Amino acid sequence: MLSMQRNDPRQYDDLAAEWWRPAGDFELLHWLAAARAALIPPAAEPGRILLDAGCGGGLLAPHVSAKGYRHVGVDLGALGLSLASEQGMTVLNGDVTRLPLRSGSADVVVAGEILEHVTDLPGTVAELSRVLRPGGLIVLDTVNDTGLSRLITVTLGERLGIAPVGLHDPDLFVPPAKLIAEFAKHGVTVRIRGVRPTISGLFKWLVLRRGSAGRIVPAFSDAVLYQGVGTRHDR
């Protein structure tokens, strides 16, 4: 029985100890962070801004620390921000629908595993696009809105321990076509591809309880998880 409504952000405070616990509830998020980082090129010059929207406990930080960016994280959760700060990030408390950054100030905007949690998708996309400079890069991953994604992420995922119970509201899952269209309204062209965790990694995590053994790899279908990469164009 759920103690909170699905997708209640207060759950992340209750789960704060899981951000960095080996083989913990957020293990899959570590794999996604590594895959996200692989899409981010080194900074053109020191001090360029990488905005990590909905940064949580800062899982992206170890994977981009050598790329030369000033890594700025925005999140609602104070406990997660404290952990992100320990990873060397500059942290700001804020909502992704009202980002506390100037327009065009970010060279890279990262939206990892947050778009399936926002209740205002158009407003969130507008803000992510607003803070991205012309020519800048956006990198994202999220959950598709399909029957298969609901089965795997919620029905089976919660039973098998892949996702904490109640963390996702399947009514907020995001169809790629809708996401692409929303970004296009703001001059951001996004390309997507399906991804999945390695089966061997899932086995080592869920059965053997070994962390950091899995990876995210391209999938033939985007029906469950997908990545997106986009560029903002001058209009």
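Our structure's up above, just so we're on the same page.
Described below are features of the structure shown in this document. (Residues numbered from 1 in each chain as written. Predicted model: local features only at pLDDT ≥ 70, side-chain atom pairs only at ≥ 80, totals over all residues. Heavy atoms only, no water.)

Let us now look at unusual backbone geometry. With glycine set apart, most residues show a phi of negative sign, and most peptide bonds adopt trans. Unlike most non-glycine residues, Ala23 shows phi in positive territory, near 60 degrees. Mapping Ala23 onto the fold places it in the loop between helix 1 (11-14) and helix 2 (27-37). Using a relative accessible area of 5% as the deciding quantity, one classes Ala23 as buried. With a phi angle near 55 degrees, Glu113 is a residue other than glycine that sits in the positive phi range. (Helix = DSSP H or I, 4+ residues; strand = E, 2+ residues; numbered from the N terminus. Buried < 20%, exposed > 50% of the residue type's maximum accessible area, 1.4 Å probe, protein only.)

Time to look at the pattern of salt bridges. Considering all chains together, one arrives at 12 salt bridges under this definition. When the shortest N-O distance is used, the salt bridge between Asp95 and Arg98 registers 3.9 Å. Given a relative accessible area of 22%, Asp95 falls into the partly exposed group. For Arg98, a relative accessible area of 60% puts it in the exposed group. Glu127 is paired through a salt bridge with Arg130; the nearest N and O atoms lie 2.6 Å apart. Of the two residues, Glu127 and Arg130 both sit in helix 5 (residues 121-131), 3 residues apart, roughly one turn of that helix. Looking at Arg130, the relative accessible area reads 25%, which means it is partly exposed. (Salt bridge = Lys/Arg side-chain N within 4 Å of Asp/Glu carboxyl O.)

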